[in-house]
Amino acid sequence: MAQTRIVFALTLLGLVAACGVSEAPDETAPASTTAIEAPTTGSRAEQPQLLLTEDRQLLLVWTARGDDGIDVFLAKSNGESPPVRLNDVPGSVSRITIDEMRPALAAGPNNTVAVAWTDIDYNIQLAISENDGSSFAPPIRLNQDPGDAMQEFPSIAFDENGVLHAVWLDPRFAEGRVEEPADLYYASVSDNNVVERNLTAEQSSSVCGCCLPDLRIDGENILITFRNTTDDGYRDPFQVRGTIAGDFEPPAAVTAPVWQIDACPVAGPIGTGDSVLWLDASTGIRRLLESQGAGNDPKVVLQDSDEWFLDYPPRRVAGSDSELLLLPAVPAYILRRDGEEWQVAIDDLPGWATSAAVDNGELVVAGSSDGRFVQLRRELPND
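Residues numbered from 1 in each chain as written. Predicted model: local features only at pLDDT ≥ 70, side-chain atom pairs only at ≥ 80, totals over all residues. Heavy atoms only, no water.

Visitor: Mind showing me how you'd approach the overall build of the protein here?
Guide: Secondary structure assignment for the protein yields 0 helices and 31 strands. For the protein, the exposed area adds up to about 16,400 Å²; of that, 44% sits on carbon and sulfur atoms. (Helix = DSSP H or I, 4+ residues; strand = E, 2+ residues; numbered from the N terminus. Areas by Shrake-Rupley, 256 points an atom, 1.4 Å probe, with all protein chains shown as cover.)

Below is the structure:
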């Protein structure tokens, strides 16, 4: 595979100048040495994620751990406005910062941007901007129950009409503050009005309580992919298909049973076109699996080796639809869809790479290392 030139960014999306960075980096230096300070003084940066808006504006969302607790911030690549704190009460974001608990991001029509997260009381909060992220309305709560349940792991998307759709894991009927048994809840949000419903109320088993669900919208169709549990103890991907009008089918398996485990693997699946990809360790070896239909054994796309170790589940590359995926690993990979197959397009990204976007034909990769932002740009191979 042809190697491409790595270009190290001087700015945190144009904002690191505020942190005193002035010297140009060595373009031949290892990426792990170019850690970038967060533009929030005295804070530890975690869970950075890239988002591309409708007009191709590159945004960065991250959580910052400071003296008051954890906050969630958004910064714009043009540097025209300072970072925006999205939680209205300082330090009110959930103190659990595992990868699956990262904030949910969405860009919609008419310059709308949304970010959702779990607060310290385990409610799902949603903040919406109508000016590409320059400012946000006060957060609203998505879960409408009056209880004290551990609502977590939101996923969000806008439809073409600007209505925000969300799913999350919700154990509101469990006894005590626990992750399971839980249900998969859905809500639509329009003009700050939240309408929620339970999508798994009819099933006897719990959904997997710590695996991030995945929400995609294609025109009028909604596709929700999540890790479910079965009565015999398997924890594998299921899907719910629906419409933006609120019509949903019952949950359906997308693979033969694979992983029987008496614990949550904390590895949510994602839906990509007609397939589902997920991280599996049922054999003792971490594998990236792809569904081949309910009742059929999944396909092994990649698996651990002596030179390579899978770290986190796959995620979409912002601005590339479902054609490119980032696979956080050591080293991290970029996968490209080639017909019915996934091919490795880049195989040497740093192990800190946990988010990626396509910006002006270049791949932008972001992550955190020792509490500091790190990012790089590089050319995308043509094939």
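Having seen it, we continue.
Visitor: Any chance you could explain the packing of aromatic side chains here in plain terms?
Guide: Both the distance between ring centres and the angle between the ring planes are used here to describe each pair of aromatic rings. Going through the model one piece at a time under the given rule, you end up with 6 aromatic pairs. Note on W308 and Y333: the rings are 4.6 Å apart at their centroids and 25° apart in plane angle, and the pair reads as stacked. Here Y333 lies in strand β27 (residues 332-338) and W308 lies in the loop between β22 (299-303) and β23 (309-310), a separation of 25 residues in the sequence. Y333 shares its class with W308; the two are buried. These aromatic residues form a ring-pair network of at least three members: W62, F73 and F373. Residue placement shows R172 over the ring face of Y185; its charged tip is 4.0 Å from the ring centre. (Phe/Tyr/Trp six-rings, centres within 6.5 Å; stacked < 30°, edge-to-face > 60°. Buried < 20%, exposed > 50% of the residue type's maximum accessible area, 1.4 Å probe, protein only. Lys NZ or Arg CZ within 6 Å of the ring centre and 35° of its normal.)

Visitor: Before we go on, may I ask you to explain the nonpolar core in this structure?
Guide: Formed by 20 residues in total, the largest nonpolar core has its most connected members in L184, L199, I222, I224, V240 and F248. When contributions to this core are tallied by element, the ones reaching two or more residues are β11 (152-158), β12 (164-170), β13 (183-190), β16 (221-229) and β17 (235-243). Top element by residues in this core is β16. It accounts for 3 residues. Those residues in contact with V240, other than ones at most four positions away along the chain, are L184, L199, I222, L223, I224, F226, F248, E249 and P251. Ranked by size, the runner-up nonpolar core spans 18 residues in total, among them A114, L126, I128 and V194. (Core = buried A, V, L, I, M, F, W, Y, C linked by side-chain atoms within 4.5 Å. Contact = heavy atoms within 4.5 Å.)

Visitor: What's the story with the pairing of β27 in this structure? I'm lost.
Guide: Along any regular strand, the residues point their side chains to alternate faces of the sheet. In the sheet, strand β25 (residues 324-327) pairs with β27 via 4 bridges, with the strands oriented antiparallel. In the sheet register, L325 faces β27, and the bridge partner there is L335. When β27 meets strand β28 (residues 341-349), the two strands line up antiparallel, connected through 6 bridges. When the bridges of β28 are listed, I334 appears paired with I346. (Pairing = 2+ DSSP bridges.)

Visitor: What is the right way to read unusual backbone geometry from this model?
Guide: Glycine aside, residues mostly have negative phi, and peptide bonds are mostly found in the trans state. The linkage connecting E180 with the following residue, P181, adopts the cis geometry, with an omega of 0°. Topologically, P181 is positioned in the loop between β12 and β13. Going from V330 to P331, the amide bond is cis rather than trans, its omega being -5°. Looking at the secondary structure, you find P331 in the loop between β26 (329-330) and β27. Although it is not a glycine, D191 sits at a positive phi angle of roughly 55°. On the secondary structure map, D191 appears in the loop between β13 and β14 (193-198).

Visitor: Sorry, what's going on with the sheet that holds strand β4 (residues 58-66) here?
Guide: Strand pairing in a sheet relies on backbone hydrogen bonds, with the paired strands running either antiparallel or parallel. One open sheet accounts for 4 strands, arranged β3-β4-β5-β6; its pairing is antiparallel. Both outer strands of the open sheet, β3 (44-52) and β6 (84-85), are each paired with one neighbouring strand and no more. Sheet topology places strand β5 (residues 69-76) next to β6; 2 bridges connect them, and they run antiparallel. Bridge pairing in β6 links F73 to R85.

Visitor: Sorry if this is basic, but what is going on with the sheet that holds β28 here?
Guide: One open sheet accounts for 4 strands, arranged β24-β25-β27-β28; its pairing is antiparallel. The strands lining the two open edges of the sheet, one partner per strand, are β24 (315-316) and β28.

Visitor: Would you mind showing me how to read the pattern of salt bridges here?
Guide: Side-chain pairs of opposite charge can arise whenever the charged atoms involved come near each other. Here the structure, examined in full by the defined rule, presents 18 salt bridges. Between R337 and E290 there is a salt bridge; the shortest N-O distance is 3.5 Å. In this pair, R337 sits in strand β27 while E290 sits in strand β21 (residues 287-290), placing the two residues 47 residues apart along the sequence. Residue R337 is classed as partly exposed on the basis of its relative accessible area of 24%. Between R378 and D348 there is a salt bridge, with its nearest N and O atoms 2.8 Å apart. With a gap of 30 residues between them, R378 in strand β31 (residues 372-379) and D348 in strand β28 connect regions that are remote in the sequence. What you see here is one network of salt bridges that share partners, running through D99, E100, R102 and R315. (Salt bridge = Lys/Arg side-chain N within 4 Å of Asp/Glu carboxyl O.)

Visitor: I'm lost on the side chain of Q151 in this one. Help?
Guide: On the secondary structure map, Q151 appears in the loop between β10 (140-141) and β11. Using a relative accessible area of 0% as the deciding quantity, one classes Q151 as buried. In this structure the side chain of Q151 is engaged in a polar contact, spanning 3.2 Å, whose partner is the side chain of D170. (Polar contact = N/O pair within 3.5 Å; in protein donor to acceptor, adjacent residues only side chain to side chain.)

Visitor: Where do I start with a nonpolar patch on the surface in this structure?
Guide: On the surface, a cluster of nonpolar side chains totalling about 190 Å² of accessible area is made up of I96, I98 and V266. Relative to the helices and strands, I96 is located in the loop between β6 and β7 (104-107). You can call I96 partly exposed: its relative accessible area is 31%. (Patch = residues over 30% accessible without salt bridge, like charges linked within 9 Å, V, L, I, M, F, W, Y side chains within 5 Å.)

Visitor: Explain the environment of F173 to me, please; I cannot follow it from the model alone.
Guide: In this structure, F173 sits in the loop between β12 and β13. Linking F173 and D183, residues 10 residues apart in sequence, is a C-alpha distance of 8.6 Å. Look past the residues within four positions of F173 in its chain and what remains in contact with it is D183, Y185 and N198.

Visitor: What's the story with the pairing of strand β15 (residues 214-218) in this structure? I'm lost.
Guide: Where β15 lies against β16, 5 bridges are found, and the strand directions are antiparallel. Counted as the bridge partner of D214 is T225 from β16. Between the antiparallel neighbours β15 and β16 lie 2 residues, among them G219 with a positive phi of about 65°.

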